[in-house]
Amino acid sequence: MGEMVEVRSNAGAPAAVAAPPFQLHSPSMSRSPLIGGGGGQKSPLTGRILTPLASPMKKAIASMHGFLEEVGHLTKLDPQDAWLPITESRDGNAYYSAFHSLSSGIGVQALVLPLAFTTLGWIWGMLCLSLAFGWQLYTLWLLIQLHESETGTRYSRYLRLSMAAFGEKLGKLLALFPTMYLSGGTCVTLVIIGGGTMKIFFQIVCLVNPLTTIEWYVVFTCSAVVIAQLPNLNSIAGVSLVGAISAVTYCTVIWVASVTKDRPNGVSYEPAELKPASDVARLCAVLNALGIIAFAFRGHNLVLEIQGTMPSSAKHPARKPMWRGVKFAYFVIAMCLFPLAVGGYWAYGNLLKDGMFEALYKYHGQETSRIILGSTSLLIVINCLSSFQIYAMPAFDNLEFRYISCRNRPCPWWLRSAFRAFFGCLVFFIAVALPFLPSLAGLIGGVALPVTFAYPCFMWIQIKQPKKYSSVWYLNWGLGCLGMVLSVLLVTGAVWSIVTMGIEIHFFKPQ
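Given the structure is predicted, the values throughout are model-derived calculations rather than measurements. Per-chain numbering applies: the sequence of each chain, read as written, is numbered from 1 onward. In keeping with the model being predicted, local features are shown solely for residues with a pLDDT of at least 70 and side-chain atom pairs are shown and tallied solely at 80 or more, while totals for entire chains, interfaces and linings include all residues. Just so you know, side-chain values use all the structure's heavy atoms and leave hydrogens and water out.

J.: An account of the pattern of salt bridges is needed here, citing residue identities and associated values.
T.: A pair is scored as a salt bridge if a Lys or Arg side-chain nitrogen falls within 4 Å of a carboxyl oxygen belonging to Asp or Glu. Scanning all chains against the criterion turns up 8 salt bridges. We note a salt bridge from E400 to R416, for which the minimum N-O separation is 2.8 Å. Here the residue E400 occupies a position in helix α12 (residues 370-407), and R416 occupies one in helix α13 (residues 413-433), the gap between them amounting to 16 residues. There is no split in this pair, since E400 and R416 are both buried. Connected via shared salt-bridge partners are D81, R90, R157 and D397. Working definition: helices are DSSP H or I runs of at least four residues, strands are E runs of at least two. Numbering for both runs from the N terminus. Remark: exposure states derive from per-residue accessible area (1.4 Å probe, protein chains only) relative to the maximum for the residue type, with buried under 20%, exposed over 50%, and partly exposed in between.

Shown next as structure tokens:
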């Protein structure tokens, strides 16, 4: 479904229209003989007799022509886009881009980064983390450049861009499951972590625990669904800002509190011993660590959606403010992830078994102020609620798209609310049924890896078609193929580690 129709103004040439046949076309102003169009001879009376009457008209036309040149094209949006929550509002800016990118790009997944260092060690851990950060930033730039095609069509959803690059069937096959998995699976994880952290917060502050874990999941889900009643992606910019501030704050507080305390007894930086000890076990442990690093970099499935909330024109394309916002956001993300990974590994070494917050609570809970512990847990809950909104938005958009496609009219407010409540109930049920899902960070990272590291490279080649055997051609083919190979290896290694080393699986029994 094309999302924008452009008619570019080229003087002396027919209007170039790039649109599906069902969309309306805008006439080209350049075809008017009043606008400097060549071809016909001027009447000798033009400059004499008609000048007093024609001058105001000519000035108005010239002013309009200048405006059209500044805008660059006449835009006609598909009416259905104005009914969907992602593209309902297109008045976003670089600030909104930064807020959404921070909220979607940093979160509780960063707290498990030091676990990768327990397997990779100092040098390889830093090297892999740095390479992954640069790689994902490059693919993020590719997606931003691919958002708007040369013909003016805007791809405001990852799935749409995949279908445009690889064809409808192959594009759906490659992108539908990973993007929906990232959206729904992340929301399930947020319910588990957010509800569990609510329980910890209440224990720290009140020293009692009146609710069960499932009841805390209910509290978190209800809170998330209430906030989800905000209508569109631009309307949650303030929520994303609050979530971004909370994430930066608790990441900083956790690593600073960890490195300023005395290290626990028995801290070691030797690679963890594996059972069974074999070359295959070591290889799979390394792959699982790489999956944890890949899992830390998320949000690529949302970048096109965020960019789709911005206005765009030929002289002021949306990619410029989007890239400015993303650069700022990922500078802040780097300032959080690298100290968290290095400081966490330095403070706890191979004693790390879960995330950083659990380690701080376990080893320094008695000597750390309850105010710090309680504030940190509250910030994690706030960030989970905020991240839930932006990661659930593609699912909300898809549910409403099904209704609009069938009825060809906007989704009424009560049905929109029902859709969002239904989604909240669904992720709550999965969270209760699969409470061990956060333990599968390596597996999730492997499944989601192509969306972040591989598909953007292939899409760039398919759409931009760089010269064969050029440096850009080799770079994108190399990174794309490497990303696909790593994805297969990471999934294989994670599954092997789960089978041989095991994880604590308890269906319908949240701890």
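Past the structure itself, the notes keep going.
J.: Describe the packing of helix α2 (residues 94-105) against helix α7 (residues 237-260), listing the residues and the values that go with them.
T.: Here α2 crosses α7 at 50 degrees, and the two axes come no closer than 8 Å. Accordingly, the angle class assigned to the pair α2 and α7 is oblique. Crossing handedness for the pair α2 and α7: left-handed. In contact with Y96, F99, H100, L102 and S103 of α2, α7 contributes A237, S240, L241 and A244. Residue composition of the contact of α2 with α7, by class: 6 nonpolar, 3 polar and no charged. What counts as an axis is a line fitted to C-alpha atoms, over the stretch in contact for a helix, and the angles between N-to-C directions run from 0 to 180 degrees. For this classification, under 35 degrees means roughly parallel, over 145 means roughly antiparallel, 65 to 115 means roughly perpendicular, and everything else is oblique. Handedness of a crossing follows from how the near helix is turned relative to the far one, being left-handed for an anticlockwise turn of less than a right angle and right-handed for a clockwise one. Residue contacts are counted whenever heavy atoms from the two residues lie within 4.5 Å of one another. In the scheme used here, Gly and all other residues not listed as nonpolar or charged are polar, with Ala, Val, Leu, Ile, Met, Phe, Trp, Tyr, Cys and Pro taken as nonpolar and Asp, Glu, Lys and Arg as charged.

J.: Quick rundown of the side chain of S240? Include the residues and the values.
T.: Following the sequence through the fold, S240 ends up in helix α7. The term polar contact refers here to a pair of N or O atoms within 3.5 Å; inside protein, the definition further demands a hydrogen-donor-capable atom paired with an acceptor-capable atom, and it admits residues adjacent in sequence only when both atoms are side-chain atoms. Among the polar contacts made by the side chain of S240, one reaches the side chain of H100 at a distance of 2.8 Å. If near-sequence neighbours (up to four positions away) are discounted, S240 is found in contact with F99, H100, S103 and I390.

J.: Give me the nonpolar core: which residues, what numbers.
T.: The definition of a nonpolar core used throughout is a set of buried Ala, Val, Leu, Ile, Met, Phe, Trp, Tyr and Cys residues joined through side-chain atoms within 4.5 Å. By size, the foremost hydrophobic cluster in this structure holds 117 residues, and its most contacted members are I293, F388 and M459. Apart from residues lying up to four places away in sequence, I293 is in contact with L113, A116, L120, C128, L129 and A132. In terms of nonpolar packing, the next biggest core, distinct from the first, is built from 7 residues, F401, Y403, I404 and F419 among them.

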